[in-house]
Amino acid sequence: MQIIQKSQFNQPNAAPESASTPNNDALKLTHLQYLEAEAIFVLREVATEFERPVLLFSGGKDSIVVSHLARKAFFPGPVPFLLMHIDTGHNFPETKEYRDWWIKQIGAELIVRSVEDTIRQGRVKEERGPGASRNSLQSVTLLDAIREFRFDAAIGGARRDEEKARAKERFFSFRDELGQWDPRNQRPELWSLFNSRKEPGQHFRVFPISNWTEMDVWLYILQQKLEVPSLYFTRERVCVERAGVLLAASDSVGLKPGELPEARRVRFRTIGDMTCTGAVVSEASSVAEIIKDIAGASASERGTRADDQRSAAAMEDRKREGYF
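None of the values given here were measured: they were computed from a predicted structure.

A. A look at the nonpolar core. Among the nonpolar cores identified, the biggest contains 59 residues, and Leu 69, Phe 81, Phe 172, Val 206, Trp 212 and Trp 218 are the most heavily contacted of them. Element by element, the count of residues in this core is highest for helix H1 (residues 31-49), at eight residues. Ignoring anything within four residues of it in the chain, the contact list for Phe 172 reads Val 42, Glu 45, Val 46, Phe 50, Gln 186, Glu 189, Phe 194, Ser 196, Phe 204, Arg 205 and Val 206. Membership of the second largest hydrophobic core comes to 16 residues, among which are Ile 119, Val 124, Ile 146 and Phe 149.

B. How the structure looks around unusual backbone geometry. Backbone torsion omega between Phe 75 and Pro 76 reads 10°, so that peptide bond is classified as cis. Take Pro 76: it is sitting in the loop between helix H2 (61-74) and strand S2 (82-87). Although it is not a glycine, Arg 150 sits at a positive phi angle of roughly 55°. Tracing the sequence through the fold places Arg 150 in the loop between helix H5 (138-149) and strand S4 (153-155). Its identity as a non-glycine residue notwithstanding, Lys 225 has a phi of 60°, on the positive side.

C. How the structure looks around the packing of aromatic side chains. Scanning the entire structure with this criterion turns up 15 aromatic pairs. Consider the rings of Tyr 98 and Trp 102, whose centres lie 5.9 Å apart with planes at 20°: the pair is stacked. Placement of the pair is Tyr 98 and Trp 102 together in helix H3 (residues 93-106), with a separation of four residues, close to one helical turn. As far as burial versus exposure is concerned, Tyr 98 and Trp 102 are alike and both buried. Ring centres of Phe 149 and Phe 151 lie 5.3 Å apart, and the angle between their planes is 20°; this geometry places the pair in the stacked category. A connected cluster of aromatic rings, assembled from ring pairs, spans Phe 41, Phe 50, Phe 171, Phe 172, Phe 174, Phe 194 and Phe 204. The ring of Phe 171 carries the charged tip of Arg 160 above its face, separated from the ring centre by 5.1 Å. One residue, Arg 187, lies across the ring of Phe 174, its end atom 4.6 Å from the ring centre.

D. Focus on the pairing of strand S6 (residues 203-206). Burial of the side chains of S6 extends over both faces: His 203 and Arg 205 are buried on one face and Phe 204 and Val 206 on the other. In this sheet, S6 lies alongside strand S5 (residues 172-175) in antiparallel orientation, the contact comprising four bridges. Residue pairing for S6: Arg 175 is matched across the bridge by His 203.

E. Spotlight on the pairing of S2. Taken across its six residues, S2 has five buried, putting it largely inside the fold. Pairing of strand S1 (residues 53-56) with S2, which is carried by three bridges, proceeds in the parallel orientation. Paired with Leu 56 across the two strands is Met 84, which belongs to S2. Handedness of the crossover is the feature at issue here: the chain leaves S1, passes through H2, returns alongside S2, and the resulting connection is right-handed.

Thresholds applied
Residues numbered from 1 in each chain as written. Predicted model: local features only at pLDDT ≥ 70, side-chain atom pairs only at ≥ 80, totals over all residues. Heavy atoms only, no water. Core = buried A, V, L, I, M, F, W, Y, C linked by side-chain atoms within 4.5 Å. Buried < 20%, exposed > 50% of the residue type's maximum accessible area, 1.4 Å probe, protein only. Helix = DSSP H or I, 4+ residues; strand = E, 2+ residues; numbered from the N terminus. Contact = heavy atoms within 4.5 Å. Phe/Tyr/Trp six-rings, centres within 6.5 Å; stacked < 30°, edge-to-face > 60°. Lys NZ or Arg CZ within 6 Å of the ring centre and 35° of its normal. Pairing = 2+ DSSP bridges. Right-handed = clockwise from strand over helix to strand, strands pointing away.

Below, the structure is given as structure tokens:
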């Protein structure tokens, strides 16, 4: 496995003095220090307010940063949350390899739940034909796992800058007894006060890095010297172009008539299910070069996701059904 950037895991940097109260002395903090302090404050609130929280981990840059922040928030103690990965069965091999390596590095406990199991149980019906994806099926697997373990909070790495539906999220995002999200039924969050009141069967999704941007995430990865999966760095990969999206050719991505796989020098801005995660043409082979790439980018990172292009409200529709 190719891992880039050496990380200092044994002694993570201590959280800023104001991490428990992010508004104090804000002018003395740099931009990244403020975002870090805010996220650590949210994570500590989760540990205080909820009985059975879980940290959702995909192996992508955002969940890596959130799990690193959790480690800093409770250092020198262990991360007080279980980590959970919802495996579609169509994940990039590099992602799963990195996932297992990272969990060992941070000394966390990982739960894996499989979309394939959900399909076999008849809980969902798999899409067929070229262009089929299991991405939306993850919602059922996730909600089943939340009920199985009685989790009352699921921590994720979503950011408001990613997509218009995610821009509507609060730090503490309320979900009803069916695990559904209603953007009109969310609690006000004034002065960093979070309302975690819930009835049995209800839960919250919590997004500690809501106010971060893609650029902030990569600047933080560079600053903290975090290792990330090799998929983020450019190399020659066999791809197929479909509706303007470059998908990595694989057994999971069926070819349509007339489609021809072609070797391209690409990298991935997001990491998810292989059937809907598109690549971008790039020459960025380091974190510093990725930052330069992003600075000159005219499209959002979600523009490479085929699942977001199924309809104008694709993400919001999935979120209403319980998606991340």
